[in-house]
Amino acid sequence: MAVRRAIVIGGGIAGLAAAIALRKADYEVTILEQAAELLPMGAALSLWSNAMAALDWLDAGDTVATAAAPIQSLGARDQPGRSILYVDIARASAPGQPIPRLPTRTVLQSSLLAAASGIDIRLGAQIEGVDQSGASATVRIANAPPESADLVIVADGIASETATALIGTAPRHAGYGGVLAIGDAARGACETGTAVEYWGSGERFGLFDLGQDRSYWFFMRNEASSAESHALTMADITRRLPDWPAPLALAVGATSPDRLIPFSIHAKPPPKRLGQGRIICVGDAAHAMEPNLGQGGCQALEDAVALGVAAQHRSPDAVLSLFERLRLRRIRQFVDLSHSAAFLAQSRNHAVVDAGRTLMRGIPQRLSEWRIGSLHKMPDYAAMAVQA
(Lines give C-alpha, C1' and ligand atoms only; values in the text may rest on other atoms or scores of the structure.)
Protein backbone atom coordinates (compact mmCIF):
# COMPACT_ATOMS: atom_id res chain seq x y z
CA MET A 1 0.00 0.00 0.00
CA ALA A 2 1.38 3.41 -1.01
CA VAL A 3 2.28 5.80 1.77
CA ARG A 4 -0.34 8.51 2.15
CA ARG A 5 0.95 12.05 2.60
CA ALA A 6 -0.52 15.14 4.26
CA ILE A 7 0.65 18.73 4.33
CA VAL A 8 -0.44 20.92 7.24
CA ILE A 9 -0.32 24.68 6.70
CA GLY A 10 0.38 26.33 10.06
CA GLY A 11 2.35 25.23 13.11
CA GLY A 12 0.18 26.58 15.91
CA ILE A 13 -2.04 24.56 18.25
CA ALA A 14 -4.43 23.46 15.51
CA GLY A 15 -1.67 22.61 13.05
CA LEU A 16 0.50 20.65 15.47
CA ALA A 17 -2.48 18.71 16.78
CA ALA A 18 -3.75 17.92 13.29
CA ALA A 19 -0.30 16.70 12.23
CA ILE A 20 -0.04 14.39 15.24
CA ALA A 21 -3.52 13.02 14.55
CA LEU A 22 -2.77 12.32 10.89
CA ARG A 23 0.45 10.56 11.78
CA LYS A 24 -1.60 8.31 14.08
CA ALA A 25 -3.65 7.52 10.96
CA ASP A 26 -0.42 6.43 9.20
CA TYR A 27 0.05 9.54 7.08
CA GLU A 28 3.48 10.95 6.37
CA VAL A 29 3.08 14.56 7.51
CA THR A 30 4.84 17.83 6.72
CA ILE A 31 4.05 21.08 8.54
CA LEU A 32 4.64 24.33 6.65
CA GLU A 33 4.87 27.34 9.00
CA GLN A 34 5.48 30.86 7.76
CA ALA A 35 7.19 32.09 10.95
CA ALA A 36 10.95 31.81 11.32
CA GLU A 37 10.48 30.16 14.72
CA LEU A 38 7.62 28.65 16.68
CA LEU A 39 6.68 31.01 19.49
CA PRO A 40 3.69 30.59 21.83
CA MET A 41 1.08 33.30 21.22
CA GLY A 42 -0.68 34.71 24.27
CA ALA A 43 -0.25 33.95 27.95
CA ALA A 44 -2.43 31.04 29.10
CA LEU A 45 -5.62 29.28 28.07
CA SER A 46 -8.28 27.14 29.68
CA LEU A 47 -8.32 23.53 28.57
CA TRP A 48 -11.63 22.08 29.68
CA SER A 49 -12.26 18.35 30.00
CA ASN A 50 -12.94 17.90 26.29
CA ALA A 51 -9.58 19.46 25.41
CA MET A 52 -7.72 17.37 27.97
CA ALA A 53 -9.39 14.25 26.56
CA ALA A 54 -8.27 15.31 23.09
CA LEU A 55 -4.70 15.83 24.31
CA ASP A 56 -4.74 12.35 25.86
CA TRP A 57 -5.82 10.93 22.49
CA LEU A 58 -2.91 12.81 20.92
CA ASP A 59 -0.48 11.43 23.54
CA ALA A 60 0.19 14.97 24.79
CA GLY A 61 -1.99 15.17 27.90
CA ASP A 62 0.33 13.93 30.64
CA THR A 63 2.80 16.82 30.39
CA VAL A 64 0.01 19.41 30.51
CA ALA A 65 -1.68 17.67 33.43
CA THR A 66 1.60 17.62 35.36
CA ALA A 67 2.64 21.21 34.65
CA ALA A 68 -0.66 23.10 34.67
CA ALA A 69 -2.96 24.11 37.52
CA PRO A 70 -6.31 22.30 37.75
CA ILE A 71 -9.55 24.22 37.24
CA GLN A 72 -11.90 23.11 40.01
CA SER A 73 -14.68 25.65 39.60
CA LEU A 74 -15.85 28.33 37.22
CA GLY A 75 -18.09 31.24 37.92
CA ALA A 76 -19.46 34.60 36.90
CA ARG A 77 -19.93 37.46 39.35
CA ASP A 78 -21.22 41.00 38.99
CA GLN A 79 -19.02 44.04 39.46
CA PRO A 80 -19.48 44.17 43.26
CA GLY A 81 -18.59 40.46 43.43
CA ARG A 82 -22.03 38.84 43.90
CA SER A 83 -22.41 35.43 42.32
CA ILE A 84 -24.30 35.09 39.03
CA LEU A 85 -23.21 31.55 38.18
CA TYR A 86 -21.14 28.93 39.97
CA VAL A 87 -20.14 25.50 38.68
CA ASP A 88 -18.31 22.86 40.67
CA ILE A 89 -16.31 21.06 37.99
CA ALA A 90 -16.15 17.75 39.86
CA ARG A 91 -19.95 17.64 40.12
CA ALA A 92 -20.37 18.76 36.52
CA SER A 93 -18.03 16.16 35.06
CA ALA A 94 -19.04 12.67 34.04
CA PRO A 95 -17.09 9.80 35.62
CA GLY A 96 -13.72 9.34 33.98
CA GLN A 97 -13.52 12.80 32.43
CA PRO A 98 -10.09 14.45 32.70
CA ILE A 99 -9.61 17.36 35.08
CA PRO A 100 -9.56 20.73 33.25
CA ARG A 101 -6.25 22.58 33.35
CA LEU A 102 -4.95 26.11 32.87
CA PRO A 103 -1.54 25.81 31.17
CA THR A 104 0.57 28.61 29.84
CA ARG A 105 0.80 28.67 26.08
CA THR A 106 4.41 27.61 26.41
CA VAL A 107 3.45 24.45 28.30
CA LEU A 108 0.83 23.49 25.74
CA GLN A 109 3.08 24.17 22.78
CA SER A 110 5.95 22.21 24.33
CA SER A 111 3.65 19.26 24.95
CA LEU A 112 2.42 19.23 21.37
CA LEU A 113 5.93 19.64 19.96
CA ALA A 114 7.11 16.68 22.02
CA ALA A 115 4.23 14.57 20.71
CA ALA A 116 5.05 15.76 17.18
CA SER A 117 8.68 14.68 17.44
CA GLY A 118 9.86 13.28 14.11
CA ILE A 119 7.31 15.17 12.03
CA ASP A 120 8.88 17.33 9.33
CA ILE A 121 8.34 20.99 10.37
CA ARG A 122 9.55 23.58 7.86
CA LEU A 123 9.78 27.15 9.10
CA GLY A 124 9.76 30.29 6.98
CA ALA A 125 7.46 28.73 4.38
CA GLN A 126 5.42 31.45 2.66
CA ILE A 127 2.30 29.91 1.14
CA GLU A 128 1.16 31.39 -2.18
CA GLY A 129 -1.87 29.19 -2.74
CA VAL A 130 -3.45 25.73 -2.66
CA ASP A 131 -4.89 23.88 -5.66
CA GLN A 132 -6.25 20.42 -6.25
CA SER A 133 -6.92 18.11 -9.15
CA GLY A 134 -7.50 14.41 -9.39
CA ALA A 135 -5.96 12.41 -6.58
CA SER A 136 -3.93 15.15 -4.90
CA ALA A 137 -3.82 18.70 -3.61
CA THR A 138 -0.86 21.00 -4.24
CA VAL A 139 0.60 23.76 -2.09
CA ARG A 140 2.45 26.56 -3.85
CA ILE A 141 5.36 27.91 -1.79
CA ALA A 142 7.34 31.08 -2.40
CA ASN A 143 10.90 30.45 -3.56
CA ALA A 144 10.40 26.67 -3.48
CA PRO A 145 8.94 23.98 -5.72
CA PRO A 146 5.23 23.19 -5.20
CA GLU A 147 4.43 20.17 -3.05
CA SER A 148 1.57 17.72 -3.48
CA ALA A 149 -0.16 15.44 -0.99
CA ASP A 150 -3.21 13.28 -0.52
CA LEU A 151 -4.59 15.82 1.99
CA VAL A 152 -3.86 19.47 2.74
CA ILE A 153 -4.91 20.78 6.14
CA VAL A 154 -5.39 24.54 6.46
CA ALA A 155 -4.51 25.57 10.02
CA ASP A 156 -3.03 29.02 9.58
CA GLY A 157 -5.39 30.92 11.84
CA ILE A 158 -8.24 33.37 11.70
CA ALA A 159 -6.67 35.49 8.95
CA SER A 160 -6.28 32.52 6.60
CA GLU A 161 -7.02 33.68 3.08
CA THR A 162 -7.10 30.07 1.91
CA ALA A 163 -9.81 29.14 4.41
CA THR A 164 -11.89 32.22 3.58
CA ALA A 165 -11.76 31.36 -0.11
CA LEU A 166 -12.64 27.71 0.51
CA ILE A 167 -15.48 27.97 3.03
CA GLY A 168 -16.62 31.56 2.63
CA THR A 169 -16.28 32.78 6.22
CA ALA A 170 -14.35 35.97 6.85
CA PRO A 171 -13.43 37.30 10.31
CA ARG A 172 -15.31 40.27 11.75
CA HIS A 173 -14.61 42.56 14.68
CA ALA A 174 -16.79 41.50 17.62
CA GLY A 175 -16.94 44.96 19.17
CA TYR A 176 -14.76 44.42 22.21
CA GLY A 177 -11.18 43.72 23.25
CA GLY A 178 -8.66 44.50 25.95
CA VAL A 179 -5.48 43.21 27.55
CA LEU A 180 -4.35 40.02 29.25
CA ALA A 181 -1.36 39.08 31.38
CA ILE A 182 0.15 36.65 33.84
CA GLY A 183 0.76 38.09 37.30
CA ASP A 184 3.56 37.09 39.63
CA ALA A 185 2.85 35.40 42.94
CA ALA A 186 0.46 37.44 45.07
CA ARG A 187 -1.10 35.65 48.01
CA GLY A 188 -4.86 36.09 48.09
CA ALA A 189 -5.26 37.20 44.50
CA CYS A 190 -6.91 33.94 43.43
CA GLU A 191 -8.92 31.28 45.19
CA THR A 192 -7.34 27.89 44.53
CA GLY A 193 -8.59 26.22 41.36
CA THR A 194 -10.97 29.01 40.36
CA ALA A 195 -11.78 30.56 37.00
CA VAL A 196 -13.95 33.63 37.55
CA GLU A 197 -15.26 36.45 35.40
CA TYR A 198 -16.54 39.71 36.88
CA TRP A 199 -19.17 41.41 34.69
CA GLY A 200 -19.76 45.14 34.77
CA SER A 201 -21.44 47.37 32.19
CA GLY A 202 -19.59 47.11 28.89
CA GLU A 203 -16.51 45.94 30.80
CA ARG A 204 -15.36 42.77 32.52
CA PHE A 205 -12.38 41.24 34.24
CA GLY A 206 -11.33 37.60 34.31
CA LEU A 207 -9.20 36.10 37.07
CA PHE A 208 -7.92 32.51 36.89
CA ASP A 209 -5.69 30.62 39.31
CA LEU A 210 -2.46 29.67 37.53
CA GLY A 211 -1.00 27.86 40.55
CA GLN A 212 1.79 28.83 42.97
CA ASP A 213 -0.12 32.03 43.89
CA ARG A 214 0.17 33.27 40.28
CA SER A 215 -2.80 34.49 38.27
CA TYR A 216 -3.89 34.75 34.68
CA TRP A 217 -6.11 37.79 34.25
CA PHE A 218 -7.71 39.82 31.50
CA PHE A 219 -9.70 43.00 31.08
CA MET A 220 -12.20 43.52 28.25
CA ARG A 221 -14.22 46.54 27.24
CA ASN A 222 -16.45 47.48 24.34
CA GLU A 223 -14.55 49.15 21.53
CA ALA A 224 -15.20 50.65 18.12
CA SER A 225 -11.95 49.33 16.63
CA SER A 226 -8.96 47.16 17.50
CA ALA A 227 -6.81 50.28 17.92
CA GLU A 228 -8.50 50.92 21.26
CA SER A 229 -7.16 47.68 22.76
CA HIS A 230 -3.61 48.53 21.75
CA ALA A 231 -3.99 51.95 23.39
CA LEU A 232 -4.82 50.49 26.84
CA THR A 233 -2.12 50.99 29.47
CA MET A 234 -1.55 49.69 32.98
CA ALA A 235 -2.58 53.15 34.23
CA ASP A 236 -5.94 52.73 32.46
CA ILE A 237 -6.47 49.40 34.21
CA THR A 238 -5.34 50.65 37.60
CA ARG A 239 -7.74 53.60 37.51
CA ARG A 240 -10.67 51.21 37.22
CA LEU A 241 -9.69 48.87 40.06
CA PRO A 242 -11.35 50.73 43.00
CA ASP A 243 -14.74 49.87 41.44
CA TRP A 244 -14.00 46.15 41.28
CA PRO A 245 -13.37 43.40 43.90
CA ALA A 246 -10.06 43.55 45.77
CA PRO A 247 -8.49 40.32 44.37
CA LEU A 248 -8.25 41.97 40.97
CA ALA A 249 -6.09 44.74 42.38
CA LEU A 250 -3.77 42.14 43.90
CA ALA A 251 -3.39 40.32 40.58
CA VAL A 252 -2.89 43.49 38.54
CA GLY A 253 -0.51 44.90 41.13
CA ALA A 254 1.69 41.81 40.79
CA THR A 255 2.00 42.30 37.03
CA SER A 256 4.76 44.22 35.30
CA PRO A 257 3.34 46.70 32.75
CA ASP A 258 5.55 45.27 30.02
CA ARG A 259 3.69 41.96 30.29
CA LEU A 260 0.38 43.37 29.05
CA ILE A 261 -0.74 41.68 25.83
CA PRO A 262 -3.37 43.65 23.90
CA PHE A 263 -6.06 41.79 21.99
CA SER A 264 -9.10 42.71 19.96
CA ILE A 265 -11.77 40.07 19.53
CA HIS A 266 -12.50 38.97 15.99
CA ALA A 267 -14.56 35.93 15.07
CA LYS A 268 -16.10 34.13 12.13
CA PRO A 269 -19.73 33.15 11.54
CA PRO A 270 -20.65 29.47 11.94
CA PRO A 271 -19.22 27.58 8.96
CA LYS A 272 -21.47 25.66 6.60
CA ARG A 273 -18.62 23.48 5.42
CA LEU A 274 -15.04 22.74 6.47
CA GLY A 275 -13.22 22.48 3.18
CA GLN A 276 -13.41 21.29 -0.39
CA GLY A 277 -12.28 17.94 -1.76
CA ARG A 278 -8.90 17.08 -0.27
CA ILE A 279 -8.38 20.47 1.42
CA ILE A 280 -9.68 20.66 5.00
CA CYS A 281 -9.80 23.67 7.35
CA VAL A 282 -9.34 23.32 11.11
CA GLY A 283 -9.02 25.53 14.18
CA ASP A 284 -9.42 29.30 13.88
CA ALA A 285 -9.01 29.09 10.12
CA ALA A 286 -12.35 27.25 10.04
CA HIS A 287 -14.29 28.47 13.06
CA ALA A 288 -12.65 31.29 15.03
CA MET A 289 -15.06 32.00 17.89
CA GLU A 290 -15.43 34.62 20.57
CA PRO A 291 -13.67 33.64 23.83
CA ASN A 292 -16.73 33.65 26.08
CA LEU A 293 -16.84 29.88 26.65
CA GLY A 294 -13.07 29.39 26.62
CA GLN A 295 -13.46 26.83 23.83
CA GLY A 296 -11.42 28.20 20.92
CA GLY A 297 -8.32 26.11 21.58
CA CYS A 298 -10.39 23.24 22.91
CA GLN A 299 -12.32 22.93 19.67
CA ALA A 300 -9.11 23.05 17.64
CA LEU A 301 -7.90 20.03 19.61
CA GLU A 302 -11.22 18.25 19.04
CA ASP A 303 -10.81 18.98 15.31
CA ALA A 304 -7.56 17.04 15.41
CA VAL A 305 -9.11 13.99 17.04
CA ALA A 306 -12.03 13.92 14.61
CA LEU A 307 -9.66 14.45 11.67
CA GLY A 308 -7.47 11.58 12.81
CA VAL A 309 -10.46 9.31 13.24
CA ALA A 310 -11.84 10.26 9.83
CA ALA A 311 -8.45 9.60 8.23
CA GLN A 312 -8.35 6.17 9.87
CA HIS A 313 -11.79 5.23 8.54
CA ARG A 314 -11.91 6.79 5.07
CA SER A 315 -9.76 7.13 1.97
CA PRO A 316 -8.27 10.59 1.41
CA ASP A 317 -11.01 11.66 -1.01
CA ALA A 318 -13.69 10.85 1.59
CA VAL A 319 -12.03 12.20 4.76
CA LEU A 320 -13.65 15.65 4.50
CA SER A 321 -17.17 14.25 4.21
CA LEU A 322 -16.80 12.20 7.40
CA PHE A 323 -14.96 15.01 9.21
CA GLU A 324 -17.85 17.36 8.53
CA ARG A 325 -20.37 14.79 9.79
CA LEU A 326 -18.37 14.41 12.98
CA ARG A 327 -17.71 18.10 13.61
CA LEU A 328 -19.95 20.64 11.88
CA ARG A 329 -22.91 20.51 14.25
CA ARG A 330 -20.77 20.80 17.39
CA ILE A 331 -18.62 23.56 15.90
CA ARG A 332 -21.68 25.60 14.95
CA GLN A 333 -23.09 25.13 18.45
CA PHE A 334 -19.97 26.55 20.11
CA VAL A 335 -19.63 29.45 17.68
CA ASP A 336 -23.26 30.46 18.32
CA LEU A 337 -23.07 30.03 22.09
CA SER A 338 -19.79 31.93 22.30
CA HIS A 339 -21.37 34.85 20.46
CA SER A 340 -24.61 34.94 22.45
CA ALA A 341 -22.74 34.80 25.78
CA ALA A 342 -21.21 38.20 25.05
CA PHE A 343 -24.56 39.93 25.53
CA LEU A 344 -24.64 39.24 29.27
CA ALA A 345 -20.95 39.94 29.77
CA GLN A 346 -20.46 43.02 27.57
CA SER A 347 -23.81 44.73 27.04
CA ARG A 348 -24.45 48.27 28.26
CA ASN A 349 -28.23 47.75 28.03
CA HIS A 350 -29.09 47.67 31.72
CA ALA A 351 -32.55 46.17 31.18
CA VAL A 352 -31.12 43.27 29.18
CA VAL A 353 -28.25 42.77 31.60
CA ASP A 354 -30.40 42.87 34.73
CA ALA A 355 -33.01 40.50 33.30
CA GLY A 356 -30.42 38.07 31.98
CA ARG A 357 -28.34 37.98 35.12
CA THR A 358 -31.44 37.58 37.29
CA LEU A 359 -32.47 34.65 35.11
CA MET A 360 -29.04 33.07 35.44
CA ARG A 361 -29.12 33.41 39.23
CA GLY A 362 -32.44 31.55 39.25
CA ILE A 363 -31.14 28.51 37.40
CA PRO A 364 -30.55 25.62 39.85
CA GLN A 365 -26.83 24.97 40.27
CA ARG A 366 -27.22 21.30 39.40
CA LEU A 367 -28.86 22.24 36.10
CA SER A 368 -26.00 24.64 35.27
CA GLU A 369 -23.49 21.93 36.14
CA TRP A 370 -25.29 19.41 33.95
CA ARG A 371 -25.27 21.84 31.02
CA ILE A 372 -21.59 22.72 31.40
CA GLY A 373 -20.70 19.06 31.86
CA SER A 374 -22.44 18.12 28.62
CA LEU A 375 -20.60 20.85 26.70
CA HIS A 376 -17.25 19.83 28.20
CA LYS A 377 -17.54 16.15 27.30
CA MET A 378 -15.74 15.28 24.08
CA PRO A 379 -17.91 13.14 21.78
CA ASP A 380 -16.81 9.60 21.05
CA TYR A 381 -15.65 10.34 17.52
CA ALA A 382 -14.46 6.80 16.92
CA ALA A 383 -17.91 5.39 17.67
CA MET A 384 -19.56 8.11 15.59
CA ALA A 385 -17.30 7.25 12.64
CA VAL A 386 -18.30 3.59 12.77
CA GLN A 387 -21.98 4.53 12.78
CA ALA A 388 -21.64 7.14 9.99
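First things first, this report covers the structure right here in the doc. Because the structure is a prediction, the values reported are computed rather than measured.

What counts, and where the lines are drawn
- Residues numbered from 1 in each chain as written.
- Predicted model: local features only at pLDDT ≥ 70, side-chain atom pairs only at ≥ 80, totals over all residues.
- Heavy atoms only, no water.
- Salt bridge = Lys/Arg side-chain N within 4 Å of Asp/Glu carboxyl O.
- Helix = DSSP H or I, 4+ residues; strand = E, 2+ residues; numbered from the N terminus.
- Buried < 20%, exposed > 50% of the residue type's maximum accessible area, 1.4 Å probe, protein only.
- Axes fitted to C-alpha atoms, helices over the stretch in contact; angles between N-to-C directions.
- Parallel < 35°, antiparallel > 145°, perpendicular 65-115°, else oblique.
- Contact = heavy atoms within 4.5 Å.
- Nonpolar A, V, L, I, M, F, W, Y, C, P; charged D, E, K, R; others polar.
- Arc of directions from axis to C-beta.
- Pairing = 2+ DSSP bridges.
- Phe/Tyr/Trp six-rings, centres within 6.5 Å; stacked < 30°, edge-to-face > 60°.
- Patch = residues over 30% accessible without salt bridge, like charges linked within 9 Å, V, L, I, M, F, W, Y side chains within 5 Å.
- Areas by Shrake-Rupley, 256 points an atom, 1.4 Å probe, with all protein chains shown as cover.
- Core = buried A, V, L, I, M, F, W, Y, C linked by side-chain atoms within 4.5 Å.

## Side note on the pattern of salt bridges
Now for step 1: As enumerated under the stated definition, the model contains 21 salt bridges in all.
Now for step 2: Between Glu-147 and Arg-122 there is a salt bridge whose closest N-O contact spans 2.2 Å. Pair noted here: Glu-147 is in strand β10 (residues 147-149) and Arg-122 is in strand β7 (residues 120-123), with a separation of 25 residues, a long-range link.
Now for step 3: You can call Arg-122 partly exposed: its relative accessible area is 31%.
Now for step 4: Residues joined in a network through salt bridges with shared partners are Arg-5, Glu-28, Asp-120, Arg-122 and Glu-147.

## Concerning the packing of helix α12 (residues 319-346) against helix α13 (residues 350-362)
Now for step 1: Running from N to C, α12 and α13 point in directions that differ by 110 degrees, and their axes come no closer than 8 Å. One finds that α12 runs roughly perpendicular with respect to α13. Only Val-352, Val-353, Gly-356, Arg-357 and Met-360 of α13 make contact with α12, whose side of the interface consists of Phe-343, Leu-344 and Ala-345.
Now for step 2: Taken together, the residues of the contact of α12 with α13 sort by class into six nonpolar, one polar and one charged.

## Regarding helix α9 (residues 246-253)
One turn of an α-helix holds 3.6 residues; hence residues three or four places apart share an orientation.
Now for step 1: Within α9, the full set of buried residues consists of Leu-248, Ala-251 and Val-252. Viewed along the axis of α9, the buried residues span an arc of 95 degrees, placing them on a single side of the element. With respect to the buried face of α9, the exposed residues turned more than 90 degrees away are Ala-246 and Gly-253.
Now for step 2: Where α9 is buried, its residues contact β12 (172-183), β13 (194-199), β14 (203-211), β15 (214-222) and α8 (234-240).

## Brief notes about the sheet that holds strand β2 (residues 27-33)
Now for step 1: As summarised here, the arrangement of the six strands in space is β7-β2-β1-β11-β18-β17, forming an open sheet in which the pairing is mixed. Looking at which strands have only one partner, the edges of the open sheet turn out to be β7 and β17 (275-276).
Now for step 2: Here strand β1 (residues 4-9) pairs with β2 via six bridges, running parallel. Directly across from Ile-7, in β2, lies its bridge partner Thr-30.

## Focus on the packing of aromatic side chains
Now for step 1: Applying the stated criterion across every chain yields a total of five aromatic pairs.
Now for step 2: Relative to Phe-219, the ring of Phe-205 lies with its centre 4.9 Å away and its plane at 45 degrees, an arrangement referred to as tilted. Note that Phe-205 is positioned in strand β14 and Phe-219 in strand β15, a separation of 14 residues in sequence. When sorted by exposure, Phe-205 lands in the same class as Phe-219, which is buried.
Now for step 3: Measuring from ring centre to ring centre gives 5.8 Å for Phe-208 and Tyr-216, while their planes differ by 75 degrees; the resulting arrangement is edge-to-face. Take Phe-208 and Tyr-216: they sit in the same class, and that class is buried.
Now for step 4: Among the aromatic residues, those joined into a cluster by ring pairs are Phe-205, Phe-219 and Trp-244.

## Focus: a nonpolar patch on the surface
Now for step 1: Among the surface-exposed residues, Ile-363, Leu-367 and Trp-370 lie close enough to one another that they form a single nonpolar patch of about 330 Å² accessible area.
Now for step 2: Inspection of the secondary structure puts Trp-370 in helix α14 (residues 365-375).

## Considerations on the packing of α12 against α14
Now for step 1: Running from N to C, α12 and α14 point in directions that differ by 130 degrees, and their axes come no closer than 12 Å. Relative to α14, the element α12 is oriented oblique. Of α14, the residues touching α12 (which contributes Arg-330, Gln-333, Phe-334 and Leu-337) are Arg-371, Ser-374 and Leu-375.
Now for step 2: Residues of the contact of α12 with α14, tallied by class, amount to three nonpolar, two polar and two charged.

## Thoughts on the nonpolar core
Across soluble globular proteins, you tend to see nonpolar side chains buried next to one another.
Now for step 1: With 107 residues, the main nonpolar core has Leu-22, Tyr-27, Leu-47, Leu-55, Ile-153, Tyr-216 and Ile-280 as its most contacted residues.
Now for step 2: When residues of this core are assigned to their parent elements, the largest contribution, 12 residues, is made by α12.
Now for step 3: Excluding anything up to four places from it in sequence, Leu-47 contacts Met-52, Leu-55, Val-64, Pro-100, Arg-101, Pro-103, Leu-108, Cys-298 and Leu-301.
Now for step 4: Counting 20 residues, the second largest nonpolar core, distinct from the first, contains Ala-181, Ala-189, Trp-217 and Ile-237.

## Some points on unusual backbone geometry
Now for step 1: Positive phi outside glycine occurs at Asp-26, with the angle close to 70 degrees.
Now for step 2: Structurally, Asp-26 is set in the loop between α1 (13-24) and β2.
Now for step 3: Notably, Asp-213 is not glycine yet its phi reads approximately 65 degrees, a positive angle.
Now for step 4: When you line up the elements, Asp-213 lands in the loop between β14 and β15.
Now for step 5: Among the residues examined, Asp-213 registers a relative accessible area of 34% and is labelled partly exposed.

## Section: the sheet that holds strand β4 (residues 73-78)
Now for step 1: Taking strand neighbours across the sheet as the criterion, the seven strands line up as β5-β4-β13-β14-β15-β12-β16 in an open arrangement whose pairing is mixed. Pairing within the sheet leaves two strands with one partner each, and these edge strands are β5 (83-88) and β16 (261-267). On average, adjacent strands in this sheet sit at an angle of 15 degrees to one another, irrespective of strand direction.
Now for step 2: In this structure, β4 lies alongside β13, joined through six bridges in parallel fashion. Looking at the pairing, Asp-78 lines up with Trp-199 of β13.
Now for step 3: Sitting on the sheet, α14 is in contact with β4 and β5, with an inclination near 60 degrees to β5.

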